[in-house]
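Chains, contacts and geometry: an overview
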Amino acid sequence: MSLYKNYPDRSKGKLFRNGTIVVLLLLFALATIFPIYFMIISSLGDPVEAGAMNYSLFPSKISFASYKFFFDYSEYSLRWLFNSLIVAGSVMLSNVVFASMAGYAFSKIDFKGRSFLFTLLLVAMMIPYQVTQVPLYILIVNVFDLQNTYSALIVPGLVTVYNIFLAKQFMSSIPKEIIESAKMEGCSQFQIYVRIILPLSKTVLAVMAILTFMDSWNTFFWPFLVTNTMDMQTIQVGLKNFRFANTTYFAPMMAGATISALPMFVLFFSLQRYFLEGVTVGAVKG
């Protein structure tokens, strides 16, 4: 029995099937968009109503006072955004460079112990992120004494195993004949990497950049651990300063969250063509 039955054109069965699919897709789309909509609507509330959270789907009035309150609340509000941009941008660039280099080495360069080392990386990728936080914290804070610095925020995420795996899998599909032809022309490994591999891998590099930037920008736990002054906090950690024991500045917090989401939207829509290509790459065999 087929899971997807073909119906004659304009039949009731086909109309019912298509209508059901459309309704389900709309429900999933609404479930995805609603938190963003609620965040934006909530940010337009009055900041003086600290704990009076309004659950209305449509604002009774539109006010940008909460955005002004967010920047006036602390002298470090802009610094939080700047810190997040430095950390996320640095982690994104380092992953694109180093993960693509490692992916090229694992996919196109034969060296002793390559399979064992790649298997070891895959095993490391299966270890939950939370398990490594305590030893990583001891290493960064107690051993290297990097607490409350940009290095403490950036160094642990310089390159991730997932990005190495992603780059390796994509670059494995590049024909070896291209590499051999370049070697016959006298190109070194670095020249092959820069002039051939990177241009052919721009799709996976764009996907890697988007995912890495979003993950680093949204990270809360690690920056919360290694920063102890407000001037070094990222935007995600800084937003917690709007919550107190007895009340919460809900609208300004939502205003800050809306502002913090803008860079991710800009990055995604500027690279969405490559991202969509990366999602569909390998889906069609010809």
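In this text, all values refer to a predicted model and were calculated from it rather than measured experimentally. (Residues numbered from 1 in each chain as written. Predicted model: local features only at pLDDT ≥ 70, side-chain atom pairs only at ≥ 80, totals over all residues. Heavy atoms only, no water.)

Re the overall build of the protein chain
Counting its regular elements, the protein chain contains 14 helices and 0 strands. When its helices and strands are written in sequence order, the protein chain yields α-α-α-α-α-α-α-α-α-α-α-α-α-α. Looking at the protein chain residue by residue over its 286 residues, the buried ones come to 35%. Intrachain contacts of the protein chain at a sequence separation of at least 6 include 72% that bridge at least 24 residues. As presented, the protein chain carries roughly 17,700 Å² of accessible surface, and 69% of it is formed by carbon and sulfur atoms. (Helix = DSSP H or I, 4+ residues; strand = E, 2+ residues; numbered from the N terminus. Buried < 20%, exposed > 50% of the residue type's maximum accessible area, 1.4 Å probe, protein only. Contact = heavy atoms within 4.5 Å. Areas by Shrake-Rupley, 256 points an atom, 1.4 Å probe, with all protein chains shown as cover.)

Quick look at the UniProt feature "transmembrane region" (unreviewed entry) in the protein chain
Using the residue numbers shown here, the UniProt feature "transmembrane region" (unreviewed entry) corresponds to residues 21-40, 80-104, 116-138, 150-171, 192-214 and 249-269. Structurally, residues 192-214 is divided into 96% helix and 0% strand, and its ends, taken at the C-alpha atoms, are 30 Å apart. (UniProt positions renumbered as here; feature names shortened; annotations may be inferred.)

Quick look at the nonpolar core
Counting residues in hydrophobic clusters, the biggest one holds 45 residues, and the most contacted among them are Phe70, Tyr104, Ile192, Ile197, Phe213, Trp217 and Ile235. Setting aside residues up to four positions removed in sequence, Phe70 forms contacts with Ser77, Trp80, Ile235, Leu239, Phe242, Pro252, Gly256 and Ile259. (Core = buried A, V, L, I, M, F, W, Y, C linked by side-chain atoms within 4.5 Å.)

Notes on the environment of Asn95
Topologically, Asn95 is positioned in helix 3 (residues 77-108). Along the sequence, Asn95 and Phe213 sit 118 residues apart, while their C-alpha atoms lie 9.7 Å from each other. Setting aside chain neighbours within four positions, we find Asn95 in contact with Ser100, Gly157, Leu158, Val159, Thr160, Asn163, Met208 and Thr212. Polar contacts involving the side chain of Asn95 include one to the main-chain carbonyl oxygen of Gly157, which spans 2.8 Å. From its side chain, Asn95 meets the backbone nitrogen of Thr160 in a polar contact 2.9 Å long. (Polar contact = N/O pair within 3.5 Å; in protein donor to acceptor, adjacent residues only side chain to side chain.)

Let's talk about the pattern of salt bridges
Oppositely charged side chains can pair when the atoms bearing their charge come close. A full pass over the atoms with the stated rule returns 2 salt bridges. With a closest N to O distance of 2.7 Å, Asp72 and Lys68 form a salt bridge. One end of the pair, Asp72, and the other, Lys68, are both in helix 2 (residues 65-73), 4 residues apart, so they sit about a helical turn from each other. This pair shows no difference in class: Asp72 is exposed, exactly as Lys68 is. In this structure, Arg114 engages Asp110 in a salt bridge whose closest nitrogen and oxygen atoms are separated by 3.3 Å. When its relative accessible area of 67% is taken as the criterion, Asp110 is described as exposed. (Salt bridge = Lys/Arg side-chain N within 4 Å of Asp/Glu carboxyl O.)

Quick look at the environment of Gly238
If you trace the backbone, Gly238 turns up in helix 12 (residues 235-238). Overall, the relative accessible area of 0% leaves Gly238 in the buried class. When the C-alpha positions of Gly238 and Gly256 are compared, they lie 9.1 Å apart, and in sequence the two are 18 residues distant. Excluding residues within four positions of it along the chain, Gly238 makes contact with Trp80 and Gln233.

Points about the side chain of Ser201
For Ser201, the position within the fold is in the loop between helix 9 (189-200) and helix 10 (202-218). Once you skip the residues sitting within four places of it in the chain, Ser201 turns out to touch Phe170, Met171 and Ile174.

Describing helix 2
Taken together, the buried positions of helix 2 are occupied by Ser66, Tyr67 and Phe70. Along the axis of helix 2, the buried residues cluster in a sector spanning 105 degrees; they form a single face. Away from its buried face, by an angle of more than 90 degrees, helix 2 presents the exposed residues Lys68 and Asp72. Residues of helix 2 that are buried make contact with helix 1 (12-43), helix 3, helix 12 and helix 13 (250-270). (Arc of directions from axis to C-beta.)

Digging into a nonpolar patch on the surface
Residues Val97, Phe98, Met101, Val155, Leu158, Val159, Phe190 and Val194 make up a contiguous nonpolar surface patch of roughly 630 Å² in combined accessible area. Contributing elements (two or more residues each) for the nonpolar patch: helix 3 and helix 9. It is helix 3 that provides the largest number of residues to the nonpolar patch, a total of 3 residues. (Patch = residues over 30% accessible without salt bridge, like charges linked within 9 Å, V, L, I, M, F, W, Y side chains within 5 Å.)

As for the packing of aromatic side chains
Any aromatic ring pair is given by two values, namely how distant the centres are and how the planes are angled relative to each other. What the rule picks out here adds up to 16 aromatic pairs. Ring centres of Phe64 and Tyr67 lie 6.0 Å apart, and the angle between their planes is 45 degrees; this geometry places the pair in the tilted category. Using a relative accessible area of 57% as the deciding quantity, one classes Phe64 as exposed. Since its relative accessible area comes to 17%, Tyr67 is described here as buried. On the basis of an interplanar angle of 20 degrees and a centroid distance of 5.6 Å, the ring pair of Phe70 and Phe242 is categorised as stacked. Of this pair, Phe70 sits in helix 2 while Phe242 sits in the loop between helix 12 and helix 13; the two residues are 172 residues apart in sequence, bridging distant segments of the chain. The exposure class of Phe70 is buried, given its relative accessible area of 0%. These aromatic residues form a ring-pair network of at least three members: Phe69, Phe70, Phe71, Tyr73, Trp80, Phe242 and Tyr249. (Phe/Tyr/Trp six-rings, centres within 6.5 Å; stacked < 30°, edge-to-face > 60°.)

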